[in-house]
Amino acid sequence: MYRSLQHLSQFPFLFFFFVSLILRLFPLSLADVGTGAYYDPPYLPTECYGTDTSQFPANNLFAAAGEGIWDNGASCGREYLVRCLSAAAPNACIDGQTIQIMIVDYVDSLNSSPSRNGTTMILSSNAFAMIADQSAAEINIEFQQ
């Protein structure tokens, strides 16, 4: 064993090649997992921007932060990459679809009821529909800032 390691030190490029190969085969993920739900209009962002809807992304890909990521309002304006991992409803996730959303509100101050309470993020109905079928009231998500 020691002898084989000695040979690698003579060829550092081989060492880096094997490390990069391993990382490609088994990538390290820096994402978090949680749950997501959706809500319908009216979208009035009371916690982050008052009633200024011009702060919303033009593509309507936004969400309200749940308690776990709210961070006393520091999450306002944060952007996350979000994808559906699984759901209780069969075939609810849209495979290979990842969206970028912006946090524009806090779940406890939404003007319309979410499809499920107590989730990590409540996505706009447009955002939710891009990653999952709305037959699922709640989905398991992976998200990364």
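Below is a summary of the structure that appears in this document. (Residues numbered from 1 in each chain as written. Predicted model: local features only at pLDDT ≥ 70, side-chain atom pairs only at ≥ 80, totals over all residues. Heavy atoms only, no water.)

Regarding the nonpolar core
With 27 residues, the main nonpolar core has Tyr-80, Val-82, Ile-101, Met-121, Leu-123, Ile-131 and Ile-139 as its most contacted residues. For this core, the secondary structure elements donating two or more residues are strand S2 (62-65), helix H4 (67-70), strand S3 (79-87), strand S4 (98-106), strand S5 (121-124), helix H5 (125-131) and strand S6 (139-144). When sequence neighbours within four positions are dropped, the list of residues in contact with Ile-131 reads Val-82, Arg-83, Cys-84, Ala-92, Cys-93, Ile-94, Gln-97, Ile-99, Leu-123 and Ile-139. (Core = buried A, V, L, I, M, F, W, Y, C linked by side-chain atoms within 4.5 Å. Buried < 20%, exposed > 50% of the residue type's maximum accessible area, 1.4 Å probe, protein only. Helix = DSSP H or I, 4+ residues; strand = E, 2+ residues; numbered from the N terminus. Contact = heavy atoms within 4.5 Å.)

Description of the pattern of salt bridges
Tallied over the full model, the rule gives three salt bridges. Residue Arg-83 pairs with Glu-142 through a salt bridge whose shortest N-O separation is 2.6 Å. Linking Arg-83 in strand S3 with Glu-142 in strand S6, this pair joins segments that are 59 residues apart in sequence. Among the ionic pairs, Glu-138 bridges to Arg-116, the shortest N-O distance being 3.4 Å. Placement of the pair is Glu-138 in the loop between H5 and S6 and Arg-116 in the loop between S4 and S5, with a sequence separation of 22 residues. Taking the relative accessible area as the measure of exposure, Glu-138 reaches 29% and is therefore partly exposed. In this structure Arg-116 comes out as partly exposed when scored by relative accessible area, which is 40%. (Salt bridge = Lys/Arg side-chain N within 4 Å of Asp/Glu carboxyl O.)

A short note on the packing of aromatic side chains
When we look at a pair of aromatic rings, we describe it by the centre distance and by the angle of the planes. Evaluation of the coordinates by the stated rule reveals six aromatic pairs. Relative to Phe-128, the ring of Tyr-38 lies with its centre 4.8 Å away and its plane at 50°, an arrangement referred to as tilted. Here Tyr-38, found in strand S1 (residues 32-39), pairs with Phe-128, found in helix H5; they are 90 residues apart in sequence, far enough to count as distant. Each residue in the set Tyr-39, Tyr-43, Phe-56 and Phe-62 is aromatic and connected to the rest through ring pairs, giving one cluster. (Phe/Tyr/Trp six-rings, centres within 6.5 Å; stacked < 30°, edge-to-face > 60°.)

A word on the sheet that holds S3
Within the closed barrel, the six strands sit side by side as S1-S5-S2-S4-S3-S6. Their pairing is mixed. Averaged over all pairs of adjacent strands, the angle between strand axes in this sheet comes to 45°, irrespective of strand direction. In terms of strand pairing, S1 meets S5 through four bridges, oriented parallel. Bridge pairing in S5 places Ala-37 opposite Ile-122. (Pairing = 2+ DSSP bridges. Axes fitted to C-alpha atoms, helices over the stretch in contact; angles between N-to-C directions.)

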